[in-house]
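Residues per chain are reported as follows:
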Amino acid sequence: MRVRFAPSPTGALHIGGARAALYNHLAARGATRRGDPSTFVLRIEDTDRERSTEENVAQILDALQWLGLDWDEGPISQVSHEQRHREVVEDFLARGLAYRTTATGDDVKAWKEQHGQEKGYRGEDEGEGAVRLRVPEGETVVHDLIRGDTTFAHVHMDDPVIARADGSPLYNLAVAVDDIDLGITHVVRGEDHISNTPKQLLVYEALGVPAPIYAHLPLLHGPDGKKLSKRHGAASVQELRDAGYLPEAVINYLALLGWGDSDDQTILSRDELEERFDLARVTKHPARFDETKLKWLNGKYLREMSVDDLTARLEAHTGRTGLRGAVEISQEKIGTLDDFWPLAGFLFDGPKTDDAKAREQWLGEDGQRILGRVREVLAGLDPFDTETVEAALRELPQTLEAKPKAVFQAVRVALAGTTISPGLFESVALLGRDETLRRIDLASQGVPA
Ligand code: GLU
């Protein structure tokens, strides 16, 4: 099997593109495992010279690398094959399979008014102008692993334009010629390309090459059933990375999205995905990309990681060091890497100062009475660890005739400045006696530390 991912570098790598890359990759790696050594080719379709920038190419490569989608050949620039594309166009012209015409869009319209709207446009050879491929009589059957067979009657197909008047080749020609030259056996791409497929197959036909097998992936929708867009949150791989998702969770989620084999809650390793993935099992109906579900799965990955590994990722993500202790006590409570700092940052940067409501509610008169006693108890505690802190604080509600919540929230707000934190006893132990007492003193003076 030889497959390719062929992004147009006109922007960031979108989630739908990432899914196409992944499905190609899984198909190739899976086939290799089953004894058919396979190749994943990366081709950059940079024929749109204005929108294809170096930065966009770099961004796409970076996103693929981050996802761990390594390619065996490429990146191959489509533009670098332009000479070959032009030769094919010349060959088609020489063999009478294509013709030059100056017909404009309006001319095509007028032609259809005369011959019928349903009729595919057929032009005259004028020896100048853009190049159109002649659609022969008959039909083209597209064999698709996901959608089954679709028949396109040629009578309804316009002669497709394959090169501009200046000879520069157009998309449908370039894609088909490149796929042929690269020996691509399976074309796995988004369903939005389905109308291009019969045109590309005409190029195969004209070159006398058998058609590849197709797998057109259903569109991605948001949770509301509308086409996935920025409106639904992160839309590109870069945004998912910035938001603190793990590449392995993104891969796992995208792999299962619209793939009939499993529900979308299973953790499957890359090995398992490669073993089980089957293009023929991809469902035909649009898949729903739901960031809430991705986040849930991501949290599951985070919790299953070793503390050392998670610490390394969080240190890279936050640009801070010395996070291990805080990571250890936060691991259960975060869904993305981004969730960590809002939860645990107070351990390093001091209590938050922007939650006046929490202070009002928990550090009032009764709060101060509680903190006074908490201070005494903690000052004399030895050793000062999670167990001893927990035992000491758990006794206090009774001694103080206060509700447990009042006691714990007072301590929490004194230390964190807010009511959200990792486990309280763990946080106190991690801060240590001196810092804990210092924060309690400041809170008692009504001063945010
Ligand atoms: N360059 C096309 C795109 O980015 C993909 C073409 C193909 O896969 O055949 O949508």
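Attention in this report is confined to the structure presented alongside it. (Residues numbered from 1 in each chain as written. Predicted model: local features only at pLDDT ≥ 70, side-chain atom pairs only at ≥ 80, totals over all residues. Heavy atoms only, no water.)

1. Quick word on the overall build of the protein
Consideration 1: When its secondary structure is counted, the protein shows 19 helices and twelve strands.
Consideration 2: Relative to a compact globule of 449 residues, whose C-alpha radius of gyration would be 22 Å, the protein shows 31 Å and is clearly more extended.
Consideration 3: The buried share of the protein, reckoned over its 449 residues, is 49%.
Consideration 4: Within the protein, contacts between residues separated by at least 24 positions form 73% of all contacts whose residues are at least 6 apart in sequence.
Consideration 5: Just so you have it, the protein exposes about 20,600 Å², and 48% of that area is on carbon and sulfur atoms.
Consideration 6: Averaged over its 54 positive side-chain charges, the protein has a centre that lies 3 Å from the centre of its 75 negative ones. (Helix = DSSP H or I, 4+ residues; strand = E, 2+ residues; numbered from the N terminus. Rg over C-alpha atoms; globule rule 2.2 N^0.38 Å. Buried < 20%, exposed > 50% of the residue type's maximum accessible area, 1.4 Å probe, protein only. Contact = heavy atoms within 4.5 Å. Areas by Shrake-Rupley, 256 points an atom, 1.4 Å probe, with all protein chains shown as cover. Lys, Arg positive; Asp, Glu negative; His and termini not counted. Charge placed at Lys NZ, Arg CZ, Asp CG, Glu CD.)

2. Some details on the side chain of histidine 25
Consideration 1: Note that histidine 25 resides in helix α1 (residues 15–33).
Consideration 2: In contact with histidine 25, not counting residues within four places along its chain, are Phe40, Gly68, Leu69, Asp70 and Arg270.

3. Brief notes about the packing of aromatic side chains
Consideration 1: For the coordinates displayed, the defined rule picks out seven aromatic pairs.
Consideration 2: Centroid distance tryptophan 111 to tyrosine 121: 5.4 Å. Interplanar angle 75°. Geometry classified as edge-to-face. Remark: tyrosine 121 occurs in the loop between α4 (105–115) and β5 (130–133) and tryptophan 111 occurs in helix α4; sequence separation between them is ten residues. Of the two residues, tryptophan 111 and tyrosine 121, neither departs from the other in class, the shared state being buried. (Phe/Tyr/Trp six-rings, centres within 6.5 Å; stacked < 30°, edge-to-face > 60°.)

4. Points about the site of the ligand
Consideration 1: By nearness alone, every residue bordering the ligand is listed as Arg4, Ala6, Pro7, Ser8, Glu45, Tyr171, Val175, Arg189 and His193.
Consideration 2: Interatomic distance of 2.8 Å between a side-chain N/O atom of serine 8 and a nitrogen atom of the ligand.
Consideration 3: Histidine 193 places a polar side-chain atom, nitrogen or oxygen, 2.8 Å from an oxygen atom of the ligand.
Consideration 4: Each residue belonging to the shell around the ligand can be placed in one class, and the counts come to four nonpolar, two polar and three charged. (Near = heavy atom within 4 Å. Polar contact = N/O pair within 3.5 Å; in protein donor to acceptor, adjacent residues only side chain to side chain. Nonpolar A, V, L, I, M, F, W, Y, C, P; charged D, E, K, R; others polar.)

5. Re helix α3 (residues 82–94)
Consideration 1: If you check α3, its first and last C-alpha atoms are 18 Å apart, about what 13 residues at 1.5 Å a residue would give, namely 18 Å.
Consideration 2: Those residues of α3 lying buried are His85, Val88, Val89 and Phe92. Along the long axis of α3, the arc covered by the buried residues comes to 100°, so they all point the same way. For α3, the exposed residues lying more than 90 degrees away from the buried face are Gln83 and Ala94.
Consideration 3: Elements in contact with the buried residues of α3: β4 (98–101), β5, β8 (161–163), α5 (171–181) and α6 (197–207).
Consideration 4: Glycine 96 sits one or two residues past α3 and shows a positive phi near 75°. (Expected span 1.5 Å × (residues − 1). Arc of directions from axis to C-beta.)

6. With respect to helix α11 (residues 307–318)
Consideration 1: With twelve residues, α11 ought to run about 16 Å at 1.5 Å a step, and its terminal C-alpha atoms sit 16 Å apart, in line with that.
Consideration 2: Along α11, the positions that sit buried rather than exposed are Val307, Leu310, Thr311 and Leu314. Burial along α11 is one-sided: seen end-on, the buried residues are contained in an arc of 100°.
Consideration 3: Packed against the buried residues of α11 are α10 (291–304), α12 (324–330) and α13 (340–344).

7. What to know about the environment of tyrosine 121
Consideration 1: Judged by relative accessible area, tyrosine 121 falls into the buried class, the value being 5%.
Consideration 2: Remark: the alpha-carbon pair of tyrosine 121 and isoleucine 329, spanning 208 residues in sequence, is separated by 68 Å.

8. Topic: the pattern of salt bridges
Consideration 1: Evaluation of the coordinates by the stated rule reveals 31 salt bridges.
Consideration 2: Here aspartate 179 and arginine 43 are joined by a salt bridge, their closest N and O atoms 2.7 Å apart. With aspartate 179 in helix α5 and arginine 43 in strand β2 (residues 39–44), the pair connects residues that are 136 residues apart, well separated along the chain. In this structure, aspartate 179 and arginine 43 share a single accessibility class: buried.
Consideration 3: Sharing partners across several salt bridges, the network here consists of Arg4, Arg43, Glu45, Asp178 and Asp179. (Salt bridge = Lys/Arg side-chain N within 4 Å of Asp/Glu carboxyl O.)

9. Brief notes about the packing of helix α16 (residues 365–379) against helix α18 (residues 404–416)
Consideration 1: Put simply, α16 and α18 touch, their axes get as near as 9 Å, and they point 80° apart. Taken together, the axes of α16 and α18 lie roughly perpendicular to each other. Contacts between α16 and α18 involve Gly367, Ile370, Leu371 and Val374 on the former and, on the latter, Ala406, Val407, Ala410, Val411 and Ala414. (Axes fitted to C-alpha atoms, helices over the stretch in contact; angles between N-to-C directions. Parallel < 35°, antiparallel > 145°, perpendicular 65-115°, else oblique.)

10. Focus on the sheet that holds β5
Consideration 1: Read across the open sheet, the three strands follow the order β4-β5-β8; overall the sheet is antiparallel. The open sheet has two edge strands with one neighbour each: β4 and β8. This sheet shows a mean twist of 45° between the axes of neighbouring strands, independent of strand direction.
Consideration 2: In this structure, β4 lies alongside β5, joined through four bridges in antiparallel fashion. Directly across from tyrosine 99, in β5, lies its bridge partner arginine 132. (Pairing = 2+ DSSP bridges.)

11. Looking at the pairing of strand β3 (residues 73–77)
Consideration 1: Relative to β3, β2 runs parallel, the two sharing three bridges. Looking at β3, one finds that arginine 43 is bridged to isoleucine 76.
Consideration 2: With respect to chirality, the unit in which β2 leads through helix α2 (residues 54–67) into the neighbouring parallel β3 is right-handed. (Right-handed = clockwise from strand over helix to strand, strands pointing away.)

12. Quick notes on the environment of aspartate 48
Consideration 1: Looking at the secondary structure, you find aspartate 48 in the loop between β2 and α2.
Consideration 2: Judged by its relative accessible area of 30%, aspartate 48 is partly exposed.
Consideration 3: In sequence terms aspartate 48 and valine 79 are 31 residues apart; their C-alpha atoms lie 9.1 Å from each other.
Consideration 4: In terms of polar contacts, aspartate 48 uses its side chain to reach the backbone amide nitrogen of arginine 51, at 3.3 Å.

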